[in-house]
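Chains, contacts and geometry: an overview
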Amino acid sequence: MADAERGAIPLAWPILAGFALTAAAAAPDQSDLQNYSIEDLTHLTVTSAGKREEPLSQAPAALYVITNQDILRQGATSLPEVLRLAPNLDVQRVDARQYAITARGFQGYETANKLLVQIDGRSIYSTLSDSVFWDLFDTPLEDIDRIEVISGPGGTLYGANAVNGVINITTKDARDTIGVLARGTAGNLEQTGLIRYGAPVGANGAIRVYAEGWNRQGFPASGGRDLRDGGEGWQAGLRSDFGSGSDQFTLQGDVFQHYYDSGAEDGDDGQNILARWTHAHDDGAQTEVQGYYSRFARRFFLVFDRLATTDLSVQHNRTEGRHAIVVGAGARMIADKFVNDLNQFQLVPQSKTLWIYNAFAQDRVDLGGGVAVTAGLKLEKTTFTGVEVLPSVRLAWQPTPGHLLYASAARALREPSRIDRDLTAIDPRTGLKFLEGGMFQAEKLTALEIGYRGQPVRSVSFSVAAFYNLYDDLRSTEITPVTTFPVRLANGIKGHSWGIEAWANAQLTDWWRLSAGIATLDKNFHLKPGATDIQNFISLGNDPDYNLQLGSRFDFTPSLGLDVQVRRYGSRPNPHVPAYTDADARLGWRVSPAVELYLAGSNLLHDERPESEDVSRGQLVHRIVYLGARFGF
């Protein structure tokens, strides 16, 4: 890439900051420091648990909601940092750009492969390597309406790879973002900027367009690794929403380009476009048809990979007496390419097209007396496997509007990725194959869970879930029978894990809210009879026994607020990462109904500390402090 092109990005920061500091101010919904009441929070509308709208208080799942207000008051500058608010997630920063995020175990950059993530119904899970490349997705935080985080399997509704959890990110309707918004932040290790414009279109429509950029300096070297992990990038996009009465239509898309300090040609680029039509029938039923295309490519030293996904799905919701029925079907085509000129590891063939077909049905039956049972079944077929059956059943009892008890059982699986099936390595000097693919099958989970969600008193909400997960056919690396080489990926590990997740919010006074959360995890895994694993259970990840968080929100005046979040993680065994306590904070001042300034910081208790210690990627995480301004008119 030419120096002139790269130079254009740093030059954008003064422009964005200058616009921010001279614009009129943030739109009212972006600058209001007042809180949702505890009662408002329990009645938030969610869709992830049942693929239909329902109050959070009635959702029979371990579901945590991050609202737009939570996002803005946290002061984070990236989506992964926002997800630290969810007590049922383990968020691990690997270096200045990359993260590993998981629920209920299997933490690690290459092992956090059991969490499905969607943005407005578009999956960002990579079937090339069974992971989420968080550094590729820079959705403007101001545009996010809510994030619903489910810990536990979601295979019946979301299909394969929704094993230990689902993250659903929903952005705002364009009709709710009319006007100009500008945001700029500047700190010791990163700078960001955003400009957004929304305008009405006709009597019942609107469109918004945006452009944002970021610049992140690399973290200090760790364990002798200086990875030059800094970079800069930009993203632009639009969303339009139209319709009135029974028909609604959405069209949205994004394009991005990233440049990395590790090499002149290193970086990422991508595009996506999504269309969705929703029709409300006269009898109260609803039909939704959605299609999207998404493509990204990554380039780093002598390595290139690309993934393009085309997806079409249809869903129908209706109520018949005591039955709330959801049915749907979909097809997905995934075209990939992987070229490695750095070492002997190759995908054979380099390019491949995969297909995924699915159909599902779920029925929630109201049995009366506050008791409901939900049963569902999904059938899914992929290029690598035959038809897989993903059932689930949930029993819920709501004795009073303020209390919900539930129990569930479900089956989920992680489908083989291209790396699982087609990774091959041949010694160029001898021609000896020392790694072969072709044998790996789906990893399987049977999950049991019981939980409670309630509002014991008006000023307190509480949620707790206990889970027991039985895993089979987890990934191992074994020696080929009879000969020493080649080795191959196999399904030789099984076992179980269990734990508790709980969180609570309490409005202690009109100006002080306290929140707390805890997640525990215990594991017991072993090799199946006759199996070996020469990588010594590396596929199980590197998990702490517990993580804790405590948040405190102060509204000193209607225009001055302070948010503090303290988190504590237990030690990780392999590689060893010491237990640590750290804190983030944000002080926000609404100068006028139209102007907001803030001072924020992350990892405030340490100048630098280990968080990942990934043997090939991990860098020391550094304290970051920055000033921000958000304005709009």
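Residues numbered from 1 in each chain as written. Predicted model: local features only at pLDDT ≥ 70, side-chain atom pairs only at ≥ 80, totals over all residues. Heavy atoms only, no water.

Per an unreviewed UniProt entry, the protein is named TonB-dependent receptor plug domain-containing protein, and its organism is Sphingomonas horti. Its UniProt record, at the heading Sequence similarities (unreviewed entry), says of the protein: "Belongs to the TonB-dependent receptor family." Recorded in UniProt for the protein, the comment headed Subcellular location (unreviewed entry) runs: "Cell outer membrane". (UniProt positions renumbered as here; feature names shortened; annotations may be inferred.)

What follows deals with the overall build of the protein. Each helix and strand counted, the protein has 7 helices and 39 strands in total. Relative to its length of 633 residues, the protein is compact, with a C-alpha radius of gyration of 24 Å against a globular reference of 26 Å. Buried positions account for 56% of the 633 residues belonging to the protein. At a minimum sequence separation of 6, the contacts of the protein that also span at least 24 residues come to 62%. Surface summary for the protein: the accessible area is close to 24900 Å², and the carbon and sulfur share equals 62%. (Helix = DSSP H or I, 4+ residues; strand = E, 2+ residues; numbered from the N terminus. Rg over C-alpha atoms; globule rule 2.2 N^0.38 Å. Buried < 20%, exposed > 50% of the residue type's maximum accessible area, 1.4 Å probe, protein only. Contact = heavy atoms within 4.5 Å. Areas by Shrake-Rupley, 256 points an atom, 1.4 Å probe, with all protein chains shown as cover.)

This part is about the sheet that holds strand S9 (residues 165–171). Taken together, the 5 strands give an open sheet; going across it, the order is S3-S8-S9-S6-S7, and neighbouring strands pair in mixed fashion. The two strands at the open ends of the sheet, each matched to only one other strand, are strand S3 (62–67) and strand S7 (122–123). As defined by bridge partners, strand S6 (residues 115–119) adjoins S9 across 5 bridges and the pair is classed as parallel. Its bridge partner being in S9, valine 117 is matched across the sheet by isoleucine 167. (Pairing = 2+ DSSP bridges.)

Ranked by size, the top nonpolar core spans 72 residues in total, and within it Ile66, Leu83, Leu89, Trp134, Ile147 and Ile167 carry the most contacts. Ranked by the residues each element gives to this core, the list is headed by S3, at 5 residues. In this view, isoleucine 167 contacts Leu83, Leu89, Leu115, Leu116, Val117, Gln118, Trp134, Ile147, Glu148 and Val149; residues no more than four positions away in its chain are not counted. Phe106, Val163, Ala447 and Phe525 belong to the second largest nonpolar core, which has 10 residues in total. (Core = buried A, V, L, I, M, F, W, Y, C linked by side-chain atoms within 4.5 Å.)

When pLDDT is averaged along the protein, the result is 91; 93% of the residues meet or exceed 70. Across residues 1–5, where pLDDT falls below 50, the model places 4 contacts with residues more than four positions away in sequence or in other chains. A low-confidence stretch, residues 7–32 (pLDDT under 50), is modelled with 62 contacts involving residues beyond four sequence positions or located in other chains. (pLDDT = per-residue confidence, 0-100.)

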